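A closer look at the structure
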Amino acid sequence: MYKLVDSHCHVNDIQYKDNKEEIIKEIKENMEFVVCSGWDYDSSIEAINIANENDNIYASIGFHPTDISKITDEKLLELENLAKTNKKIVGIGEIGLDYHWMTDEKEVQKKFFRMQIELAKRVNKAVVIHTREALADTIEILDEYKDVYGVLHCYPGSYEAVLPILDRYYVSVGGVLTFKNGRKTKEMLSKVPIEKVVLETDSPYLTPTPFRGRINKPIYTHYVAEEIARIKEMSYQDVIDITTKNAYEVYKICK
Ligand SMILES: [Zn+2]
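Scope of this entry: the structure provided in the associated data block. (Residues numbered from 1 in each chain as written. Predicted model: local features only at pLDDT ≥ 70, side-chain atom pairs only at ≥ 80, totals over all residues. Heavy atoms only, no water.)

So, the state of the cysteines
Disulfide: a covalent bond connecting the sulfur atoms of a pair of cysteines. Under the criterion given, the structure shown has zero disulfides. No disulfide involves C154; its nearest neighbouring cysteine sulfur is the one of C9, lying 12 Å away. (Disulfide = S-S within 2.5 Å.)

The following block contains the structure:
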């Protein structure tokens, strides 16, 4: 019998500056493990530090599409070297495309997305994908790299859209699934086999119902699991056992 995994959260976020120890204690006492994700160089280093200090916290590192202007060759090389040597780094991300904020032109975003996918390929780690209003381009690029695998964090699309890469990717769902207006996500989830699903919070963001509007935290993965159990008509423990096993597999974490 497994406990819950939060496959994507930001314990390294400034919003936890006053209660980080409490959040980490809750994770240790209640969860199988969590993956703390960076979004730029500093937050990636912070994610690694937190992972190094805590047994069941792992790190994913990389530059979010709205932070690619901060990329330098030196920083990328340093992250790559860290990923090669540190077993607590289990993913490259969050990386991807964001056509909502459009901080950089599409072509620039694609270039740095590809660069980081290739980095993940070299270090043989999962990619953790952020995609917003850019789904078709995201899937198209991921489909080019047949030997890269990973997690589609807060996957916003349909079952049909993800199908071409579902052999190598896990769909990660979080608080959006519990929202009243989360119909699209609920419908997608009802079709994706549970063997291809992992759970997340994206905390401190996207707090699930019934805590919407407050600061999210990793243990709220519980509400996502409950909603999946309802949608898929499975037991709560089966949802945990299968999605936790999936998370162990995609992040190649040995128990
Ligand atoms: Zn995130």
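Continuing now.
Let's talk about helix α3 (residues 73-85)
Given a rise of 1.5 Å per residue, 13 residues ought to cover 18 Å, and the 19 Å separating the end C-alpha atoms of α3 matches this to within 8%. Within the sequence span of α3, burial applies to L76, L79, E80 and A83. Projected down its long axis, α3 shows its buried positions confined to an angular sector of 100°, all on one face. Exposed side of α3, more than 90 degrees from the buried face: E74 and T85 are the residues found there. Looking at the buried residues of α3, the elements they touch are α2 (41-53), β3 (57-61), β4 (89-98) and α4 (106-123). (Helix = DSSP H or I, 4+ residues; strand = E, 2+ residues; numbered from the N terminus. Expected span 1.5 Å × (residues − 1). Buried < 20%, exposed > 50% of the residue type's maximum accessible area, 1.4 Å probe, protein only. Arc of directions from axis to C-beta. Contact = heavy atoms within 4.5 Å.)

Section: the nonpolar core
Judged by nonpolar contacts, the single largest core of 64 residues is most densely connected at V173 and I228. Take this core: its biggest share by element is six residues, from α4. For V173, the contacting residues outside a window of four places in its chain are T185, M188, L189, V197, V198, L199, E200, V224 and I228. Counting residues in each nonpolar core, the second largest holds 16 residues, with F33, Y58, Y149 and A247 among its members. (Core = buried A, V, L, I, M, F, W, Y, C linked by side-chain atoms within 4.5 Å.)

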